[in-house]
Amino acid sequence: MDDQVTISKFEPKVKRGLVVIITGNGKGKTTSAMGMALRGCGHGLKTTIVQFMKGDLYSGEWDGVKQLAPLVTLYHTGKGFCGIQGNPYPHAEHRRNAQDAIDLVESILRTDNCDTLILDEINNAIHLHLVDLPQVKHLLALRPPHMHMVLTGRDAHPDLIELADTVSEVREIKHAWRKDIEPQPGIDF
Ligand code: ATP
Ligand code: MG
């Protein structure tokens, strides 16, 4: 521990925005995106997060990102996961919420100067027909060249996988819920 370590910082010759997709059925998609927001803070980068289909169940990142203000801003839209057991809202209502979220993202893309825009659970929103693929392609087309866009959620559409620069699939090997362990704060929500 006596040795001094010289810390250097890599500077890319060309700075460019990337499209990143985190998909798959394992745990870690949303938290991976939150990790990019946290990491961006270390570089002074501004991140805006729009969560689709989230709003009925509290998750720690809602208040957690307030500790990262003013660099990170989060909007949760929607009424929870459409179609899962116990969610009482009809598809049409989920779709209305998701359509409002698309409008919000479009206005962010037109006015906000964020460095990274995270669209959390948008892959599920497409898969469940709450938003349409052309709408998401339109949002991607509005992305300024310097801006990173991160799309999370299961069942990413093959067209978006094709468009993206970096795609990761989180695969479940084990999940505590299979042992009837309840979701735990900080880990699961
Ligand atoms: P995380 O938000 O932890 O990064 P994720 O975004 O990869 O996870 P989602 O599919 O969005 O996963 O699920 C949200 C949360 O619900 C996760 O924290 C996960 O641990 C939990 N979860 C996922 N699948 C199940 C399940 N079948 N039953 C109960 N909880 C689950
Ligand atoms: Mg998620």
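Our structure's up above, just so we're on the same page.
S.K.: Describe the pattern of salt bridges, naming the residues involved and giving the relevant values.
M.R.: Evaluation of the coordinates by the stated rule reveals 10 salt bridges. In this structure, the salt-bridge partner of Lys-54 is Glu-121, at a minimum N-O distance of 3.0 Å. Note that Lys-54 is positioned in the loop between β2 (47–51) and α2 (61–64) and Glu-121 in the loop between β4 (116–120) and α4 (122–127), a separation of 67 residues in sequence. Comparing Lys-54 with Glu-121, the two get one shared label, buried. Here Arg-110 makes a salt bridge to Glu-106, at a shortest N to O gap of 2.9 Å. Taken as a pair, Arg-110 and Glu-106 lie in helix α3 (residues 91–111) at a separation of four residues, close to a single helical turn. Judged by relative accessible area, Arg-110 falls into the exposed class, the value being 55%. Each of Lys-54, Asp-120 and Glu-121 takes part in a single network of salt bridges with overlapping partners.

S.K.: Please provide a residue-by-residue account of the pairing of strand β1 (residues 19–23), values included.
M.R.: Of all five residues making up β1, five are buried, and the element is well covered by its neighbours. Burial along β1 is two-sided: the face carrying Val-19, Ile-21 and Thr-23 and the face carrying Val-20 and Ile-22 are both buried. Sheet topology note: the β1/strand β6 (residues 166–169) ladder contains four bridges and is parallel. Across the sheet, residue Val-20 finds its bridge partner in β6, namely Thr-166.

S.K.: A description of the sheet that holds β2 should follow, citing residues and the corresponding values.
M.R.: Taken in spatial order, the six strands of this open sheet run β3-β2-β4-β5-β1-β6, and their pairing is parallel. One side of each edge strand has no neighbouring strand; the edge strands of this open sheet are β3 (72–76) and β6. Ignoring strand direction, the axes of neighbouring strands in this sheet form an average angle of 10°. Of the strand pairs in this sheet, β2 and β3 are connected by five bridges, and their pairing is parallel. Following the sheet pairing, Thr-48 is matched in β3 by Thr-73. With respect to the sheet, α3 is in contact with β2, β3 and β4, its orientation differing from that of β2 by roughly 165°.

S.K.: Give a detailed account of the site of ligand 1, specifying residues and quantitative values.
M.R.: Around ligand 1, a shell composed of Gly-26, Lys-27, Gly-28, Lys-29, Thr-30, Thr-31, Glu-121, Arg-154, His-175, Trp-177, Ile-187 and Asp-188 is seen. Within the backbone of Gly-28, one N or O atom sits 2.8 Å away from an oxygen atom of ligand 1. Burial of ligand 1 by the surrounding chains reaches 77%, relative to a free accessible area of 580 Å². Of the residues in the shell around ligand 1, the class split is two nonpolar, five polar and five charged.

S.K.: Kindly report on the coordination of the magnesium ion (ligand 2), identifying the contributing residues and their values.
M.R.: A metal bound by six donors in octahedral fashion has ideal angles of 90 or 180 degrees, whereas one bound by four tetrahedral donors has an ideal angle of 109.5 degrees. Distances from the magnesium ion (ligand 2) to its protein donors, Thr-30 (OG1) and Glu-121 (OE), fall within 2.0 to 2.1 Å. Within this pair, whereas Thr-30 is found in helix α1 (residues 29–42), its partner Glu-121 is found in the loop between β4 and α4, the two being separated by 91 residues in sequence.

S.K.: I'd like a description of the packing of aromatic side chains, backed by residues and values.
M.R.: In total, this model carries one aromatic pair according to the counting rule given. Ring plane angle 75° and centroid distance 5.5 Å describe the contact between Tyr-58 and Trp-62, whose orientation is recorded as edge-to-face. Here Tyr-58 falls in the partly exposed class, since its relative accessible area comes to 43%. The exposure class of Trp-62 is buried, given its relative accessible area of 13%. For Lys-79, the ring lying beneath its charged end belongs to Tyr-89, and the centroid distance is 5.7 Å.

Rules of the game
- Residues numbered from 1 in each chain as written.
- Chains lettered and ligands numbered in written order.
- Predicted model: local features only at pLDDT ≥ 70, side-chain atom pairs only at ≥ 80, totals over all residues.
- Heavy atoms only, no water.
- Salt bridge = Lys/Arg side-chain N within 4 Å of Asp/Glu carboxyl O.
- Helix = DSSP H or I, 4+ residues; strand = E, 2+ residues; numbered from the N terminus.
- Buried < 20%, exposed > 50% of the residue type's maximum accessible area, 1.4 Å probe, protein only.
- Pairing = 2+ DSSP bridges.
- Axes fitted to C-alpha atoms, helices over the stretch in contact; angles between N-to-C directions.
- Contact = heavy atoms within 4.5 Å.
- Near = heavy atom within 4 Å.
- Polar contact = N/O pair within 3.5 Å; in protein donor to acceptor, adjacent residues only side chain to side chain.
- Areas by Shrake-Rupley, 256 points an atom, 1.4 Å probe, with all protein chains shown as cover.
- Nonpolar A, V, L, I, M, F, W, Y, C, P; charged D, E, K, R; others polar.
- Donors = N, O, S within 2.8 Å, 3.2 Å for Na, K, Ca; no water.
- Phe/Tyr/Trp six-rings, centres within 6.5 Å; stacked < 30°, edge-to-face > 60°.
- Lys NZ or Arg CZ within 6 Å of the ring centre and 35° of its normal.

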